[in-house]
Amino acid sequence: MKLLLASRNAKKLRELQRIVVAESLEGIEVLSLADVPEFPEAPETAPDFEGNALAKARDAAAATGLVSVADDSGLAVDELNGMPGVLSARWSGRHGDDDANLDLLLGQLGDVPDERRGAAFVSVVALVVPGGEEVVVRGEWRGALLRARRGTGGFGYDPIFVPEGYEITSAEMTAEQKDAESHRGRALKLLVPHLRKLAR
Ligand SMILES: O=P(O)(O)OP(=O)(O)OP(=O)(O)OC[C@H]1O[C@@H](n2cnc3c(O)ncnc32)[C@H](O)[C@@H]1O
Ligand SMILES: [Mg+2]
């Protein structure tokens, strides 16, 4: 069975591919958007991760006829009542400018004391079978936010996110460490039984 991972974020796609492959799902050939004809990106206008993840996966399944997986994810900051949330990729007003997004967030949290810098990464992954079932799963990863970047791994807000139980940021983790713990890894692990069933 071909499985399309419908993300336009190269670093997120690499994580999705690594995690799906690590689950050694026999009978599943993992494709990316580079492997299918171009189709327009679904607008992410839902107020929640679930709505956006479903929109992206439905769009990909309709455009390609392939079983499609999409992730909508972001950082929910306690002190900001869960924002940037679904706006995480464009918090600075420019989509995908990780540095600008992170600098803005650091500025907004400048006077927030250490004990109030809690946050959670959220990943909602939607699986859509063309004309068939839809499955939506969610993974969350709690931590706290530093006042300055540390580490060069991962992407987005990783350089300031220290997961609960760790002293290092998710940008200082190895790819394997992050995949084993992250919101994306947790969400995808919930999807594995559905993927195994489809691959039979
Ligand atoms: O929608 P697609 O095409 O998948 O790519 P995207 O980058 O636009 O993805 P989202 O809309 O889901 O926005 C995710 C943003 O949330 C942040 N984010 C999500 N997962 C993250 C992670 O594992 N580490 C750091 N930041 C993350 C980061 O700013 C991402 O750009
Ligand atoms: Mg997006």
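This one's a predicted model, so the numbers in the text were calculated from it and none came from an experiment. Along each chain, residue indices are assigned from 1 in the same order as the chain's sequence is written. Each chain takes a letter, starting from A, and each ligand takes a number, starting from 1, following the order in which they are written. In keeping with the model being predicted, local features are shown solely for residues with a pLDDT of at least 70 and side-chain atom pairs are shown and tallied solely at 80 or more, while totals for entire chains, interfaces and linings include all residues. Excluded from the side-chain calculations are hydrogens and water; all other atoms, namely the structure's heavy atoms, are used.

## Considerations on the confidence of the model for the chain
As a reminder of what qualifies: Scored from 0 to 100, pLDDT reflects the predictor's confidence in each residue.
Mean pLDDT over the chain: 96, with 100% of residues reaching 70 or higher. We note a pTM of 0.97 for the whole complex and an ipTM of 0.98 for its interfaces.

## Some points on the site of ligand 1
Selection rule: The near set for a molecule or strand comprises every residue that places at least one heavy atom within 4 Å of it. Polar contacts, as counted here, are pairs of nitrogen or oxygen atoms within 3.5 Å of one another; within protein the pair requires one atom able to donate a hydrogen and one able to accept it, and residues that are adjacent in sequence qualify only if both atoms are side-chain atoms. Only the protein chains shown count as covering a residue, and every accessible area follows the Shrake-Rupley method with a 1.4 Å probe. By the criteria applied, helices consist of DSSP H or I runs no shorter than four residues and strands consist of E runs no shorter than two, each listed in order from the N terminus. Each residue is assigned to one class: nonpolar for Ala, Val, Leu, Ile, Met, Phe, Trp, Tyr, Cys and Pro, charged for Asp, Glu, Lys and Arg, and polar for all the others, Gly among them.
The local shell around ligand 1 holds 21 residues, among which Ser-7, Arg-8, Lys-12, Lys-56 and Lys-178 are the closest. The side chain of Glu-44 places a nitrogen or oxygen atom 3.0 Å from an oxygen atom of ligand 1. Within the side chain of Arg-184, one N or O atom sits 2.8 Å away from a nitrogen atom of ligand 1. A total of 610 Å² of accessible area belongs to ligand 1 in isolation, and the protein chains cover 98% of it. Secondary-structure elements contributing two or more residues to the shell around ligand 1 are β3 (67–77) and α5 (183–199). Here the shell around ligand 1 takes 4 residues from β3, the largest share from any one element. Of the residues belonging to the shell around ligand 1, the class tally is 4 nonpolar, 8 polar and 9 charged.

## Examining the UniProt feature "active site" (unreviewed entry) in the chain
Heads up, the condition is: UniProt positions are given in the numbering used here, feature names are shortened, and annotations may be inferred rather than shown by experiment. Classification of residues uses two cut-offs on accessible area relative to the type maximum, computed with a 1.4 Å probe and protein chains only: under 20% is buried, over 50% is exposed, and between them is partly exposed. A contact between two residues is defined here by any heavy atoms of the two lying within 4.5 Å.
In this numbering, the UniProt entry assigns the feature "active site" (unreviewed entry) to Asp-72. Its relative accessible area of 3% is what places Asp-72 among the buried residues. Ignoring anything within four residues of it in the chain, the contact list for Asp-72 reads Lys-12, Glu-44, Asp-48, Phe-49, Asn-52, Ala-53, Lys-56, Val-86, Val-122, Ser-123 and Val-124. A distance of 3.2 Å separates polar atoms of two side chains, one belonging to Asp-72 and the other to Asn-52.

## Section: the sheet that holds β3
Test applied: Strand pairing is defined by DSSP finding a minimum of two bridges between the two strands. Between N-to-C directions, angles span 0 to 180 degrees; the directions come from axes that are lines fitted to C-alpha atoms, helices contributing only their stretch in contact.
Taking strand neighbours across the sheet as the criterion, the 6 strands line up as β2-β1-β3-β4-β5-β6 in an open arrangement whose pairing is mixed. On the outer flanks of this sheet lie β2 (29–32) and β6 (161–163), each paired with one strand and no other. Between one strand axis and the next, the sheet turns by 35° as a mean value, whatever way the strands run. On top of the sheet, α5 reaches β1 (2–5), β3, β4 (118–128) and β5 (134–145); it is set at about 160° to β5, its chief contact.

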